[in-house]
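Below, each chain spelled out in residue letters.
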Amino acid sequence: QVQLVESGGGLVQAGDSLRLSCAASGGSFSRYNMAWFRQAPGKERESVAAITKIGWTYYVDSVKGRFTLSRDNVKNTVYLQMDSLKDEDTAVYYCAASSRLSGSWRSRDEYDYWGQGTQVTVSS
């Protein structure tokens, strides 16, 4: 029922920053757990970060300390602030929503809704 639209991707140099946004519509945003996944060329989609309905955040080790996930329940938007970007961060980044998590937040099967993705390219 919820629609997700990502924005904010682009081409940057290593060490630069980007902020991705995911705007939700058509549902009650505050009742969803939200997450970011990414998919590099030739690779499977992998988890990046998640934020629960009540604001708990989780990150994979490779982005911990560099990425910050937040949500604004008034604007129905989740943000991914990405600092100190590396070339291995290059991927299409997807926003996802889950009404409830029954297993690991890192599992794609936990999420019911997905955005179209936004491209992030980091060059040296």
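The residue numbering used here restarts from 1 in each chain and proceeds along that chain's sequence as written. Reporting in this predicted model follows two pLDDT cut-offs: at least 70 for local features of residues, and 80 or more for side-chain atom pairs to be given and counted; totals over whole chains, interfaces and linings ignore these cut-offs and use all residues. Note that the side-chain values use all heavy atoms of the structure and ignore hydrogens as well as water.

Draft legend 1. Representation of the overall build of the protein. Put simply, DSSP H or I for four residues or longer makes a helix, DSSP E for two residues or longer makes a strand, and each gets a number counted from the N terminus. Within the protein, the regular secondary structure consists of 0 helices and 11 strands. Put simply, the protein runs from its N terminus to its C terminus through helices and strands in the order β-β-β-β-β-β-β-β-β-β-β. For 124 residues, the compact-globule estimate of 2.2 N^0.38 gives 14 Å, and the protein sits close to it at 13 Å. The buried share of the protein, reckoned over its 124 residues, is 44%. Using C-alpha atoms as the atom set, the radius of gyration is obtained and then compared with a globule rule of 2.2 Å times the number of residues to the power 0.38. With a 1.4 Å probe rolled over the protein chains alone, any residue whose accessible area is under 20% of its type maximum counts as buried; one over 50% counts as exposed, and the rest are partly exposed.

Draft legend 2. View of the side chain of Ser98. Tracing the sequence through the fold places Ser98 in strand β9 (residues 91-98). In protein, a polar contact requires one atom able to donate a hydrogen and another able to accept it; more generally it is a pair of N or O atoms within 3.5 Å, and residues adjacent in sequence count only if both atoms are side-chain atoms. Here Arg100 takes part through its backbone oxygen, which lies 2.8 Å from a polar atom of the side chain of Ser98. Polar side-chain contacts of Ser98 include one of 2.8 Å to the backbone oxygen of Glu110. Aside from chain neighbours lying at most four places away, what touches Ser98 is Arg31, Tyr32, Asn33, Glu110, Tyr111 and Asp112. Here a residue-residue contact requires only that any non-hydrogen atoms of the pair lie within 4.5 Å.

Draft legend 3. Summary view of the environment of Leu18. Topologically, Leu18 is positioned in strand β3 (residues 18-25). Spatially, the C-alpha atom of Leu18 lies 5.2 Å from that of Met82, the residues being 64 residues apart in sequence. Among all residues touching Leu18, those that are not within four sequence positions of it are Gly8, Gly9, Gly10, Val12, Leu80, Gln81, Met82, Leu85 and Val120.

Draft legend 4. Local environment of the nonpolar core. Among buried residues, the Ala, Val, Leu, Ile, Met, Phe, Trp, Tyr and Cys ones that are joined through side-chain atoms within 4.5 Å form a nonpolar core. The biggest cluster of nonpolar side chains holds 35 residues, and the ones touching the most others in it are Met34, Trp36, Val78, Leu80, Met82 and Tyr93. Among the secondary structure elements, those contributing two or more residues to this core are β3, β4 (33-39), β5 (46-51), β7 (67-72), β8 (77-82), β9 and β11 (118-123). For this core, the element with the most residues is β9, which contributes 5 residues. When sequence neighbours within four positions are dropped, the list of residues in contact with Tyr93 reads Glu6, Leu20, Trp36, Phe37, Arg38, Val48, Phe67, Leu80, Met82, Gly117, Thr118 and Val120.

Draft legend 5. Highlighting a nonpolar patch on the surface. A cluster of nonpolar side chains, contributed by Ile54, Trp56 and Tyr58, occupies part of the molecular surface with about 390 Å² of accessible area. Topologically, Ile54 is positioned in the loop between β5 and β6 (57-59). By definition, no residue in a patch forms a salt bridge, and every one has over 30% relative accessible area; like charges are joined within 9 Å, nonpolar side chains (Val, Leu, Ile, Met, Phe, Trp, Tyr) within 5 Å. For every accessible area listed, the method is Shrake-Rupley and the probe measures 1.4 Å; residues are considered covered only by the protein chains on display. The rule for a salt bridge is simple: a side-chain nitrogen of Lys or Arg has to be within 4 Å of a carboxyl oxygen of Asp or Glu.

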